[in-house]
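Remarks on the overall topology
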Amino acid sequence: MEQFNEAALLRRVLAGEYDLFYELVRPYERRVYAAAFAILRNEADAEDVAQEAVLKAFKHIRQFRAESRFSTWLIQITVNEARMRRRKAHANLMEPIAGREDEEGNYAPRDFADWREIPSETLERKEVRQKLAEALAELGQIYREVFVLRDMQHLSIEETAKALGISTASVKTRLLRARLMLRDLLAPGLGGGWSSKLSFAKGTKPW
Amino acid sequence: MVVSCEQVWREVSNYIDGEVDPALRLAIEEHVRGCPQCDAVLTGTRNVVELYGDERMLEVPFGFGQRLHRRLDESMPRPRRSFLGWMATAAAAVLVAGSFEIVRSLHSHSPQPRSELAQRGKGVPPDLKVVAAEEGRLFHVPGCEFIHDKTKLRAMTAAEAERQGYAPCPRCLKQYLTADEISAPKGVSS
Ligand SMILES: [Zn+2]
Ligand SMILES: [Zn+2]
């Protein structure tokens, strides 16, 4: 149904009903922002790049090929815009050695304490979302990009690879690492037990 | 097949994504049942994937959508109306609509559309209560979730909205947009 509406909308935009373009983008605007933010880590830059990316998508709408999903195409443009912005911002700086994150070597989990389930109902609470966002911000760039596209935007492994211009093998390696690192960052034993400080862990369930 | 803890950690992500073959899947499950450490790793990783995958984690700054829409609106090519262009559009509309429409259009002057690109509707009940934004181009059923600018909405009848040049919203009033108008011109997607 959504697919059908999208195809119909797309045809109408192509036929000249330009004011419908926003309708086409609207279901994905949050993802566009999230992709830009994952790369730029700054709200103002992310919003600006998100807007630029959408404008660019409009300008090049005739280059969109129906064999890929519109959302993937849009995210791909966003990733490119964000990377360009980032490169510009860092043009005068040497990339620090420590910033060249390698994906060689296996990542071994560090925390083996019993995992205390964090129920998704608790996402209603800003402090929980905040904690998760902070943990995500601690990941290195290449891991964060993959994780955001694959696990937060639910792109397939192939789509993630395409959007980032890397191989599917790299997607899988980085994804594994991102997930394990996040788990460690949020684990009750390692991350300072933040989740046990929340009231739901003490037995007063807010849901 | 027997797997070690290290193998479980290496495959935990693929396991969650259903990307391991059945033999390995069984071996991992067997291992995890007897290994509390790997159980903690698997449970935690799965929890992480579930939490971040929640729609609520995709937060945008307040007003983001409106600002995006405005920026887009400002950069849209404004259709410049040439007399010939308008005649061509009108002639095409008449051809599609058929003879009844010709008679009607002779007797009532056609409203100036707010966007010559927006589709005209057909058969919208004239008394239907609708809303339209001051600077918008479309009219909607009240409460339509595709109304962008909810601040400057005016309520009116469908007849009035059409008289003022608004076109029906392609979402909430799509039943009044005829199928042949929606169909694409040939070759656009190639
Ligand atoms: Zn084990
Ligand atoms: Zn509507």
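Residues numbered from 1 in each chain as written. Chains lettered and ligands numbered in written order. Predicted model: local features only at pLDDT ≥ 70, side-chain atom pairs only at ≥ 80, totals over all residues. Heavy atoms only, no water.

**Focus: the pattern of salt bridges**
On inspection of all chains with the given rule, the structure shows 24 salt bridges over all chains. A salt bridge links Glu127(A) to Arg125(A); the nearest nitrogen and oxygen atoms lie 2.6 Å apart. By relative accessible area, which is 18% here, Arg125(A) ends up buried. Residues Arg33(B) and Glu30(B) are paired through a salt bridge, measuring 3.2 Å at the closest nitrogen-oxygen approach. Pair noted here: Arg33(B) and Glu30(B) are both in helix 2 (residues 22–34), with a separation of three residues, about one helical turn. The pair Arg33(B) / Glu30(B) is uniform in exposure class, with both members exposed. Each of Asp48(A), Glu52(A), Arg85(A) and Arg71(B) takes part in a single network of salt bridges with overlapping partners. (Salt bridge = Lys/Arg side-chain N within 4 Å of Asp/Glu carboxyl O. Buried < 20%, exposed > 50% of the residue type's maximum accessible area, 1.4 Å probe, protein only. Helix = DSSP H or I, 4+ residues; strand = E, 2+ residues; numbered from the N terminus.)

**With respect to the interface of chain B and chain A**
Counting residues at the interface gives 56 residues for chain B, matched by 66 residues for chain A. Both faces combined, the contact of chain B with chain A buries some 6000 Å², and carbon together with sulfur accounts for 62% of it. The tally of links between chain B and chain A comes to ten salt bridges. Here Asp17(B) and Arg150(A) are joined by a salt bridge, their closest N and O atoms 3.5 Å apart. Where the side of chain B that touches chain A is concerned, the elements lending two or more residues are helix 1 (5–16), helix 3 (36–52) and helix 4 (64–75) of chain B. Looking at the side of chain B that touches chain A, the element that brings in the most residues is helix 3 of chain B, giving twelve residues. Considered class by class, the residues forming the side of chain B that touches chain A number 28 nonpolar, 15 polar and 13 charged. (Contact = heavy atoms within 4.5 Å. Buried area = accessible area lost by both parts, 1.4 Å probe. Nonpolar A, V, L, I, M, F, W, Y, C, P; charged D, E, K, R; others polar.)

**What to know about the coordination of the zinc ion (ligand 1)**
All names here are of chain B. The protein atoms that coordinate the zinc ion (ligand 1) are Cys5 (SG), His31 (NE2), Cys35 (SG) and Cys38 (SG), at distances of 2.1 to 2.3 Å. One can describe the site at the zinc ion (ligand 1) as tetrahedral: its four donor atoms subtend angles covering 101 to 114° at the metal. Mapped onto the polypeptide sequence, the residues donating to the zinc ion (ligand 1) form the spacing pattern C-x25-H-x3-C-x2-C. With a gap of 26 residues between them, cysteine 5 in helix 1 and histidine 31 in helix 2 connect regions that are remote in the sequence. Judged by its relative accessible area of 16%, histidine 31 falls in the buried class. (Donors = N, O, S within 2.8 Å, 3.2 Å for Na, K, Ca; no water. Tetrahedral: all angles 85-135°; square planar, octahedral: opposite > 155°, others 65-115°.)

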